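Listed below are the residues making up each chain.
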Amino acid sequence: MILYKFDIINHPVRMRIFQTLYSGPYSINQLSRLLPDVPRPSLYRHIHKMLDAKIIKVAATRHVNGIEERFFLPVFGQVRLSEIHDEEGMKKLAEHVSIYGWVVAQDFARYLLERGEPNFDDISAHDSTFYATDEEYRQLRNAIHQLLHTAEQQPPIEGRTLRRMFVLGYQLATLPHETPDHNNGGGA
């Protein structure tokens, strides 16, 4: 069983390449400008591993001075949560979420630093905790997913810029609630 291609994507540099290709297609030359801290030989090595694993694809080619330049895009749908049935799969998924979240957070931090001036109308950072039944949570999750799916279908036109919204939802660990017993006297 191929373990959901986590062994390939669960690498900080490959995850950054994959995330960068969201706004592609990009060639290795373009990727080297977008990821200046990754040496070009490393880019080549990681791109080839990702191509071999089919988590990225060649979207276009062009010839420049007799040399073929390839442009890459990510292949989505590689992580199928319904296929994770064992502890090893859960460990790989947890590692994936950790690396993915780190890459997104680093990208967001880089965006803030490059911006130079705060524009809080242009960013969304919100951490919410709330109580909900399983059904209430599913309804909220599905509504958010539907809104995001609708936004993802909008074509690029003048005035629209490529944006990211990273949404993660899960049940928090809590201790059982203890209600104070007001009949036990208490007080000084």
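Residues numbered from 1 in each chain as written. Predicted model: local features only at pLDDT ≥ 70, side-chain atom pairs only at ≥ 80, totals over all residues. Heavy atoms only, no water.

Focus: the overall build of the protein chain
- Counting its secondary structure elements, the protein chain contains 6 helices and 2 strands.
- In the protein chain, the succession of helices and strands from N to C terminus is α-α-α-α-β-β-α-α.
- Buried positions account for 23% of the 188 residues belonging to the protein chain.
- Sequence separation of 24 or more characterises 57% of the internal contacts of the protein chain that already satisfy a separation of 6 or more. (Helix = DSSP H or I, 4+ residues; strand = E, 2+ residues; numbered from the N terminus. Buried < 20%, exposed > 50% of the residue type's maximum accessible area, 1.4 Å probe, protein only. Contact = heavy atoms within 4.5 Å.)

Looking at the pattern of salt bridges
- Scanning all chains against the criterion turns up 7 salt bridges.
- Linking Glu 69 and Arg 62 is a salt bridge whose minimum nitrogen-to-oxygen distance equals 2.8 Å.
- Since its relative accessible area comes to 13%, Glu 69 is described here as buried.
- Three or more residues are tied together by salt bridges with common partners; here these are Asp 107, Arg 110 and Arg 164. (Salt bridge = Lys/Arg side-chain N within 4 Å of Asp/Glu carboxyl O.)

Some details on the layout of surface pockets
- Each pocket or cavity is described by its volume, and for the second largest pocket that value is around 240 Å³.
- Lining of the second largest pocket is provided by Ser 27, Ile 28, Asn 29, Arg 40, Tyr 44, His 48, Val 64, Ile 67, Glu 68, Glu 69, Arg 70 and Phe 72.
- Those elements that place two or more of their residues in the lining of the second largest pocket are helix H3 (28-34), helix H4 (40-52) and strand S2 (67-74).
- Among the elements that line the lining of the second largest pocket, the one with the most residues is S2, at 5 residues. (1 Å grid on protein atoms, 1.4 Å probe; cavity = no way out; pocket = protein on both sides within 12 Å on 5 of 7 lines; lining within 4 Å. Points joined across faces, edges and corners; volume = space filled by probe spheres on them.)

Regarding the pairing of strand S1 (residues 56-64)
- As paired elements, S1 and S2 share 8 bridges and run antiparallel to each other. For Lys 57, the partnering residue across the bridge sits in S2 and is Leu 73.
- Between the end of S1 and the start of S2, which pair antiparallel, lie 2 residues, with Asn 65 showing a positive phi angle near 50°. (Pairing = 2+ DSSP bridges.)

Considerations on the nonpolar core
- Residues Ile 17, Ile 47 and Ile 56 are the most contacted members of the largest nonpolar core, which totals 26 residues.
- Secondary-structure elements contributing two or more residues to this core are helix H1 (6-9), helix H2 (12-20), H3, H4 and helix H5 (87-115).
- Considering each element in turn, this core owes the most residues, 5 residues, to H5.
- Excluding its chain neighbours within four sequence positions, the residues that come into contact with Ile 17 are Leu 31, Leu 35, Leu 43, His 46, Ile 47 and Met 50. (Core = buried A, V, L, I, M, F, W, Y, C linked by side-chain atoms within 4.5 Å.)

Topic: the confidence of the model for the protein chain
- Mean pLDDT over the protein chain works out to 84, with 88% of the residues at or above the 70 mark.
- Per-element averaging of pLDDT across the protein chain places H1 at the bottom with 84 and H4 at the top with 95.
- Considering only residues more than four positions removed or in separate chains, one finds that residues 184-188, a stretch of pLDDT under 50, has 0 contacts. (pLDDT = per-residue confidence, 0-100.)

Regarding the environment of His 126
- On the secondary structure map, His 126 appears in the loop between H5 and helix H6 (134-152).
- By relative accessible area, His 126 is classed as exposed at 70%.
- Along the backbone, His 126 and Val 167 are 41 residues apart, and their C-alpha atoms lie at a distance of 9.6 Å.

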